[in-house]
Every structure is written in C-alpha cells, then in structure tokens.
Amino acid sequence: QYMRREGRPSDQAILAARVIDRTIRPLFDHRIKNAVQVIITVIAVGDTDIVVTSTTGYNAGDLVEISSTEPLHASYANRYKGYISIVESVQSSTVLRLVSKSYFAIDANTTYTASVRKYTPKENISITGGQIIGGGVGKGQVGVYITYSKNVTISNLRIVGAESEGVWIGSSFGTVVKNCEILDCTSPTYLGSNLGYGVGLGSGTYGAIVDACYFENCRHAVAGGGATPAMNCVISNCKSFDCGLGT
C-alpha cells in the first residue's frame with residue numbers, strides 16, 4: 001500500500017481534531033451543504049501551572065483571577081496583564097494547575113506585583129426566552145450583568161433600550177450568548193458616555209461565545225474594554241444594523 005511521505009496523523013492529532021469537530025459542529029447552520037474547512041491556529045502556548053503562596057482552600061473548579069500591575073503593553077495606558085481561569089487540580093502545597101494556558105508571562109519581580117484571587121462563581125446558569133425593556137438613553141441600565149461566573153448561557157432573549165449594555169460580561173469563564181435580539185442599546189457620545197454596547201466583553205472575560213445574535217441601533221454591536229483584556233472569545237453568525245460610533 002502506498003503511503004504518503006508525511007504519513008498519517010498521530011493519535012493525539014486525531015483526538016484533538018475530533019474534540020474540535022464535536023465542539024463546533026453544532027454552531028454551523030444545518031443547511032450548509034458544501035465542504036467546510038476549519039484551520040486551527042495556536043494562540044496560547046503558556047504554562048497551565050501557577051505558583052501561589054499556599055494552595056490551602058483551593059479546590060478543583062474554583063474560579064481564579066490572576067492579575068498584575070505590569071502593563072499589558074507600553075502603548076496602552078491603564079491596561080494590565082491578567083486573566084481568569086479555572087482550577088483543574090491542586091498539584092502541591094504551592095502549585096495550582098489551571099484548565100487554560102496563559103497568554104503571557106507575568107513578571108512578579110520587585111517592580112511589579114502579581115496576585116491570585118479565588119472566587120466562588122455563579123455557575124451553570126441558563127437564561128432562556130423572554131424580554132427585557134430598559135429606559136433608553138439617559139437611564140444607564142444594563143439588561144443582563146454577568147460577573148465572576150462560569151458556564152452561563154443566555155439564549156433567545158430580546159433586550160431593548162438598555163443604554164449601557166444589553167449584556168455585560170466581566171471576570172467570567174465560558175459565557176455563551178446566542179440567538180438573542182438586542183436593540184436600541186445606545187449611549188451617544190454627546191452625552192459624555194463611552195458605553196452603549198449590545199454585548200460588552202469586559203475585564204477578565206475568557207472563552208465567551210456570541211453566536212447568531214441580531215443587533216440594531218447599538219453604539220457598538222459587540223465591544224470590549226477594561227483594565228485587563230478579554231481573551232479567547234468567539235463572535236460568529238451575528239448580524240448588525242445601524243450600529244456604530246455616534247448612533
């Protein structure tokens with residue numbers, strides 16, 4: 001039997017491909033008939049282990065926030081290195097293993113201060129269906145505010161007139177917003193506000209998915225901001241109408 005020079009994929013590669021396939025296949029429209037090629041690019045190659053003073057009180061499944069006073073980049077003012085993750089296991093009296101790899105090294109030297117904080121998250125919450133009506137411009141409201149949580153799903157929800165954000169996500173892991181209709185979440189610049197988001201991906205957001213949502217008359221359909229970056233987020237199959245700065 002003729003074998004290609006590069007040989008067959010390794011068992012690890014095959015299993016990785018299957019995990020990716022099973023995860024993202026439901027996100028594709030079932031009416032797609034043509035072949036779909038998915039190209040994976042590695043964007044996180046850091047270590048999953050972090051060293052802390054003591055692991056006493058930490059357990060698998062805990063939500064942890066790793067933060068630093070080290071600037072994210074010299075050109076960004078008031079933006080610092082930091083991220084949210086989940087404890088996979090306690091390796092020793094001083095080492096925690098996380099479920100996600102770090103996107104950058106935090107330099108805990110005499111110049112910068114690094115810290116790890118543990119939170120008890122709100123988890124495995126599902127908000128499905130219904131309607132939220134806000135007060136519109138000048139009221140500063142948020143439709144759904146999600147913070148320090150993991151595995152929260154919001155689906156088939158209609159949000160109208162939440163001036164600040166339709167959905168705000170911050171310091172949370174694995175939030176999903178899908179099949180939602182978000183309208184009139186606008187905070188024009190002439191009011192001196194910098195908000196008005198359909199979905200806001202705030203500080204520490206990790207692994208959020210915004211899928212198959214419709215946005216109309218929002219200052220920004222999906223936007224992010226905060227002291228630490230939102231990371232590894234996916235925005236797919238969304239539509240926006242009359243959204244943009246100044247609307």
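Now for a description of the structure that goes with this document. Within each chain, residues carry numbers counting from 1 in the order of the written sequence. Only residues with pLDDT of at least 70 are given local features in this predicted model, and only at 80 or more are side-chain atom pairs given and counted; all residues enter the totals for whole chains, interfaces and linings. Note: side-chain values were computed over all heavy atoms of the structure, leaving out hydrogens and water.

### Let's talk about the sheet that holds strand β18 (residues 214-216)
- Pairs of strands are assigned from DSSP output, requiring at least two bridges between the strands. Under the scheme used here, helices are H or I runs from DSSP no shorter than 4 residues and strands are E runs no shorter than 2 residues, and both carry numbers assigned from the N terminus. The five strands lie next to each other as β8-β12-β15-β18-β21, forming an open sheet whose pairing is parallel. The open sheet terminates on both sides in strands that have one partner only, identified here as β8 (131-133) and β21 (239-241). Taking the axes of each pair of neighbouring strands and ignoring which way they run, one obtains an average angle of 5 degrees across the sheet.
- With three bridges connecting them, β8 and strand β12 (residues 158-160) associate as parallel partners. Bridge pairing in β12 places Gln 131 opposite Arg 158. Convention adopted: a line fitted to C-alpha atoms gives each axis, helices being fitted over their contacting stretch, and angles between N-to-C directions are expressed from 0 to 180 degrees.

### Examining a nonpolar patch on the surface
- There is a patch of nonpolar side chains on the surface, built from Ile 20, Phe 28, Ile 32, Val 36, Val 38 and Ile 40 and spanning about 490 Å² of accessible area.
- Taking relative accessible area as the criterion, Phe 28 reaches 38% and is therefore assigned partly exposed. Patch criteria: residues need more than 30% relative accessible area and no salt bridge. Like-charged residues are merged within 9 Å; nonpolar side chains of Val, Leu, Ile, Met, Phe, Trp and Tyr are merged within 5 Å. For the area figures, the Shrake-Rupley method with a 1.4 Å probe applies, and any residue is considered shielded solely by the protein chains shown. Counted as salt bridges are all cases of a side-chain nitrogen of Lys or Arg within 4 Å of a carboxyl oxygen of Asp or Glu. Only protein chains enter the accessibility calculation, which uses a 1.4 Å probe; a residue is then buried when its area is under 20% of its type maximum, exposed when over 50%, and partly exposed in between.

### Comments concerning the state of the cysteines
- Cysteine sulfur pairs qualify as disulfides if the two atoms are within 2.5 Å. Evaluation of the coordinates by the stated rule reveals zero disulfides.
- Note on Cys 180: no disulfide assigned, nearest cysteine sulfur contributed by Cys 213 at a separation of 4.7 Å.
- Overall, the relative accessible area of 3% leaves Cys 180 in the buried class.
- By relative accessible area, which is 2% here, Cys 213 ends up buried.

### Focus on the packing of aromatic side chains
- Centre distance within 6.5 Å is the pairing criterion for rings of Phe, Tyr and Trp, where only the six-membered ring of Trp is used; planes under 30 degrees apart are then read as stacked, over 60 as edge-to-face, and the remainder as tilted. Under the counting rule described, the total for this entry stands at two aromatic pairs.
- Where Phe 173 meets Tyr 206, the ring centres are 5.1 Å apart and the plane angle is 10 degrees; that geometry is what we call stacked. Of the two residues, Phe 173 sits in the loop between β13 (165-170) and β14 (176-178) while Tyr 206 sits in the loop between β16 (197-201) and β17 (209-211), which places them 33 residues apart along the sequence. For the pair formed by Phe 173 and Tyr 206, the shared burial category is buried.

### Brief notes about the nonpolar core
- Residues Ile 154, Val 167, Ile 169, Ile 182, Val 199 and Phe 215 are the most contacted members of the largest nonpolar core, which totals 21 residues.
- Among buried residues, the Ala, Val, Leu, Ile, Met, Phe, Trp, Tyr and Cys ones that are joined through side-chain atoms within 4.5 Å form a nonpolar core. Residues Ile 50, Val 52, Ile 66 and Leu 98 belong to the second largest nonpolar core, which totals 15 residues.

### As for the pattern of salt bridges
- Applying the stated criterion across every chain yields a total of eight salt bridges.
- Here Lys 118 makes a salt bridge to Asp 62, at a shortest N to O gap of 3.5 Å. Here the residue Lys 118 occupies a position in strand β5 (residues 114-119), and Asp 62 occupies one in the loop between β1 (49-51) and β2 (63-71), the gap between them amounting to 56 residues.
- Judged by relative accessible area, which is 36%, Lys 118 ranks as partly exposed.
- Measuring nitrogen to oxygen at the nearest pair gives 3.6 Å for the salt bridge that ties Glu 123 to Lys 150. Here Glu 123 is found in strand β6 (residues 122-123), whereas its partner Lys 150 is found in strand β10 (residues 149-150), with 27 residues between them in sequence.
- Salt bridges sharing common partners tie together Asp 21, Arg 22 and Arg 25.

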